[in-house]
Amino acid sequence: MHPESPRQLFDLYCSLREHFGFAPQWWPGTPDEIALTAILVQQCSWDVAWDAVLQLRESRLTTLAALAGAEEQHIHQAIRRVTFGPTKAKRLQQIAGLVLERGKTSFAELLNSASTTELRPWLLTLPGFGRETTDAVLLYAGNQHPVFVVDAYARRVFSRLDSLPLPDKALKPAGYEMLRTFVEQQVRSALPLYRQLEFPADVPLEVAIFRDLHAQLVELARHHCHRNRPRCQRQGAVGWPGYAICENHCLPEICGRCPLSETCDFPQDAE
Ligand code: SF4
């Protein structure tokens, strides 16, 4: 590992946090709703997935017992706007049944019942639970699982920051575990630096860091680091309506350019 790299990632995080701010409840909802959103958002936009969760909430279908006992068509009706609605309606019901079979009545109870090393492999066996979904549920729906969520946004941002000494192939989809482990090691090597910042006292420090690091990278990709025509030297794009810091960020008076534009290796005139 490059001796400077934990410090580099910390500096990058600080630049993002200074620019976007810190939102302790960045991913909204109860633990069950967070898990539902993580499933519904697969290949779907955030606002459609979150709206479906609100519809499920209105139909009193956000608990595992309610989902397991509901008619599949009622679940489908509530989530009909999400991509692959019929498949996801069936999955939600199957997942609710499997967690209940394990003797847990909610995701909060499930996630508090065992260690990350025990739960992660089991979650990966649930229908529709790939690595990204599993880690998002562990990190945001639970309070004791410090894992870094690797998503397309993180890969994109890291691919444009050549100075971070990433392992070979870490940015390929097959390199998921490599990139996750790399980021987790980087953060753990620099914990004294992160301790100088303010994080919620009711969540273990590493969980709070991995949540906010992931959130900041999503914000960066959403506002500035677009797949095409990134906004390196100009005001960021408007964010998701109603979504924590996103909606109100990148107003003319607070945003002039990407917070990483000084250190990024990507062409700065890409507009
Ligand atoms: S400077 Fe441009 S390419 Fe680099 S992180 Fe920012 S938006 Fe992305």
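The structure reproduced in this document is the subject of the present report. (Residues numbered from 1 in each chain as written. Predicted model: local features only at pLDDT ≥ 70, side-chain atom pairs only at ≥ 80, totals over all residues. Heavy atoms only, no water.)

### Let's talk about the pattern of salt bridges
If you walk through the whole model with that rule in mind, you get 13 salt bridges. Here Arg120 ties to Glu177 by a salt bridge, and the two come within 3.0 Å at their closest N and O atoms. Of the two residues, Arg120 is situated in helix α8 (residues 116-123) and Glu177 in helix α11 (residues 176-189); the sequence distance between them amounts to 57 residues. Using a relative accessible area of 24% as the deciding quantity, one classes Glu177 as partly exposed. It is possible to trace a salt-bridge network through shared partners that takes in Arg120, Arg131, Asp135, Glu177, Arg180, Glu184, Arg188 and Glu206. (Salt bridge = Lys/Arg side-chain N within 4 Å of Asp/Glu carboxyl O. Helix = DSSP H or I, 4+ residues; strand = E, 2+ residues; numbered from the N terminus. Buried < 20%, exposed > 50% of the residue type's maximum accessible area, 1.4 Å probe, protein only.)

### Some remarks on the site of the ligand
Residues in close proximity to the ligand include Arg160, His224, Cys225, Cys232, Cys258, Ser261, Cys264, Phe266 and Gln268, which together make up its full environment. In terms of residue class, the shell around the ligand is made up of 5 nonpolar, 3 polar and 1 charged. (Near = heavy atom within 4 Å. Nonpolar A, V, L, I, M, F, W, Y, C, P; charged D, E, K, R; others polar.)

### A look at the packing of aromatic side chains
On inspection of all chains with the given rule, the structure shows 8 aromatic pairs. Over the aromatic face of Phe22 sits the side chain of Arg17, whose NZ or CZ is 4.5 Å from the ring centroid. (Phe/Tyr/Trp six-rings, centres within 6.5 Å; stacked < 30°, edge-to-face > 60°. Lys NZ or Arg CZ within 6 Å of the ring centre and 35° of its normal.)

### Considering the nonpolar core
Phe107 and Phe158 are the most contacted members of the largest nonpolar core, which totals 85 residues. Ranked by residue count, the leading element in this core is helix α13 (residues 205-223), at 9 residues. Looking at which domains feed residues into this core, each of domain 1 (5-21 + 149-230) and domain 2 (31-141) supplies at least three. Not counting chain neighbours up to four residues away, the residues in contact with Phe158 comprise Leu9, Phe148, Leu164, Leu166, Leu171, Leu179, Val183 and Leu217. (Core = buried A, V, L, I, M, F, W, Y, C linked by side-chain atoms within 4.5 Å. Domains from an automatic or database assignment. Contact = heavy atoms within 4.5 Å.)

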